[in-house]
Amino acid sequence: MSLKKDKFSKLDRFYMNLAKNLSKQNEGITDENPSVGCVIVKNKQIISYGVTNETGRPHAETVAINRSKQSIKGSTVYVTLEPCSHYGKTHPCTKSLSRSKVNKVIYSIEDPDERTNNKAKSYFRSKNIKILSGLMSNEIKQIYNKYIYSKKTKLPYVIGKIACTKNYNIFYNNTKITNSYSQAVSHLLRFKNQAIVTSYKTINTDNPELTCRLNGLKKFSPIIIIIDRKLKVNLNKRLFKNKKNNRVIIFHNSDNLKKIIKIKKKGVKLFKMKNKVNENHFLKDILKKIYSINIYSLIVECGKVLTEEFLKKKLFNEFYLFKGSYNQGSSKNSILNIVKKLNKNFNKKMLDTYLKNDKIIKYY
């Protein structure tokens, strides 16, 4: 049974806050695993700490145990997320903590993963280890909103993004609409998500790289997922000249064997979706498949057509509208209808980060 917030001491909050800040350090870059923070305290002194590794393993608890230069026997462990209780690619963190003979474990929120959910308490109690939960749960839940949504729905958390001029037009000639500050935020979104979903039209027209180009973060560029039902993508585009195309996936329902062979030679992974009478399920089925390959957060970067399709099917969890500071472009490239739908279906707020004359509106 979780204790009420006022049952925790100021020191408990202090240590859990440190664990929370640690968890944010690798947020979005731990593959399919959530980024967890862990702080180990003995005799009111911090003796070790850890955060989930960039590859998702080892977990924060294991990192903290291995980092400690002294025995953690009799210590109190603060963890942002319930320690895992199942065997996967690593041993359960519950067992590692038990073997280390810790005295108490305090975690903030339960892990929604059904293999672990609410199992740590009974395990620790069976080992005579004190166990408490619920500390700073409201704050820490916000860090795991993508992970929680994905585990509960068996779908990835979907973020939409589009850039437009001040008068709500978009370009198709690769002209920069927003300034370098907005572009940096855009790359930060790529850094914080496992994959980018786009259309073959965007690849053929804009010839994008779709990488994270912030200094030192290119290695965290997301997996690129292209929706291309009839395999119309142009293989001469920049994306396919990169030798590391094993991070490119195409979803299609084509029988064009000649094109399939050419694409596979590029090292690209192909997933063929079944043809359906009801096309309304096509995008949802793609999202289900994306989840099944351990991708639980993605950003959709494409043009009007696919963006409107995602909006129509109510598949966005949140959306970012990047708005330039000048009027330009033709009304045929207007996204005003998209903006109206966003205003109708979401709450919104202006991001307060420095963007010079640009604006970014977050819909949530």
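What counts, and at which threshold
- Residues numbered from 1 in each chain as written.
- Predicted model: local features only at pLDDT ≥ 70, side-chain atom pairs only at ≥ 80, totals over all residues.
- Heavy atoms only, no water.
- Helix = DSSP H or I, 4+ residues; strand = E, 2+ residues; numbered from the N terminus.
- Rg over C-alpha atoms; globule rule 2.2 N^0.38 Å.
- Buried < 20%, exposed > 50% of the residue type's maximum accessible area, 1.4 Å probe, protein only.
- Areas by Shrake-Rupley, 256 points an atom, 1.4 Å probe, with all protein chains shown as cover.
- Lys, Arg positive; Asp, Glu negative; His and termini not counted.
- Charge placed at Lys NZ, Arg CZ, Asp CG, Glu CD.
- Disulfide = S-S within 2.5 Å.
- Phe/Tyr/Trp six-rings, centres within 6.5 Å; stacked < 30°, edge-to-face > 60°.
- Lys NZ or Arg CZ within 6 Å of the ring centre and 35° of its normal.
- Contact = heavy atoms within 4.5 Å.
- Pairing = 2+ DSSP bridges.
- Axes fitted to C-alpha atoms, helices over the stretch in contact; angles between N-to-C directions.

Asker: Mind showing me how you'd approach the overall build of the protein chain here?
Answerer: A count of helical and extended segments in the protein chain gives twelve helices and 14 strands. Relative to the globule expectation of 21 Å for 364 residues, the C-alpha radius of gyration of the protein chain, 23 Å, shows essentially globular dimensions. Over its C-alpha atoms, taken along the principal directions, the protein chain stretches across nearly 65 × 50 × 40 Å. By residue count, 53% of the 364 residues in the protein chain fall in the buried class. Of the accessible surface of the protein chain, which amounts to about 18700 Å², a share of 48% is contributed by carbon and sulfur atoms. Where the 74 positive side-chain charges of the protein chain centre and where its 25 negative ones centre are 2 Å apart.

Asker: Explain the state of the cysteines to me, please; I cannot follow it from the model alone.
Answerer: Here is the idea: a disulfide is a covalent bond, and it sits between the sulfur atoms of two cysteines. For the coordinates displayed, the defined rule picks out zero disulfides. This cysteine, Cys 93, is not joined by any disulfide, and Cys 84 carries the nearest cysteine sulfur, 3.6 Å off. The buried category is assigned to Cys 93, whose relative accessible area is 1%. Cys 164 forms no disulfide, and the closest cysteine sulfur to it belongs to Cys 302, at a distance of 14 Å. Relative accessible area serves as the criterion here: at 0%, Cys 164 is assigned to the buried category.

Asker: How should I be thinking about the packing of aromatic side chains in this particular structure?
Answerer: In this description, a pair of aromatic rings is defined by centroid distance and the angle of the planes. On inspection of all chains with the given rule, the structure shows ten aromatic pairs. With centroids separated by 5.8 Å and ring planes inclined at 70 degrees, the aromatic side chains of Tyr 123 and Phe 124 adopt a geometry described as edge-to-face. Measuring from ring centre to ring centre gives 5.7 Å for Tyr 149 and Tyr 157, while their planes differ by 85 degrees; the resulting arrangement is edge-to-face. By relative accessible area, which is 27% here, Tyr 149 ends up partly exposed. When the ring centre of Phe 322 is taken as origin, the NZ or CZ atom of Lys 161, which lies over that ring, is 5.3 Å away. Directly above the ring of Tyr 364 sits Lys 349, whose terminal nitrogen or CZ lies 6.0 Å from the centroid.

Asker: So what exactly am I meant to see when it comes to the environment of Leu 351 here?
Answerer: Among the secondary structure elements, Leu 351 is positioned in the loop between β13 (348–350) and β14 (359–363). The exposure class assigned to Leu 351 is partly exposed, which follows from its relative accessible area of 23%. Between the C-alpha atom of Leu 351 and that of Lys 151, which follows or precedes it by 200 residues, the distance is 28 Å. Contact partners of Leu 351, with chain neighbours within four places excluded, come to Tyr 320, Ile 360 and Lys 362.

Asker: Is there a simple way to think about helix α6 (residues 145–153) in this case?
Answerer: One turn of the α-helix equals 3.6 residues, which is why residues spaced by three or four share an orientation. Among the residues making up α6, those that are buried are Lys 146, Tyr 147, Ile 148 and Ser 150. Residues of α6 that are buried in the fold lie against β3 (76–81), β4 (104–109), α5 (137–143), β6 (157–164), α10 (282–292) and β11 (297–301).

Asker: Where do I start with the sheet that holds strand β5 (residues 130–133) in this structure?
Answerer: Either a parallel or an antiparallel arrangement is found when strands of a sheet pair, and the pairing is made through backbone hydrogen bonds. With mixed pairing, the five strands of this open sheet are ordered in space as β2-β1-β3-β4-β5. Unpaired on one side and paired on the other, β2 (45–51) and β5 mark the two borders of the sheet. Adjacent strand axes in the sheet meet at a mean angle of 15 degrees when their direction is disregarded. Direction of pairing for β3 relative to β4: parallel, over a ladder of five bridges.

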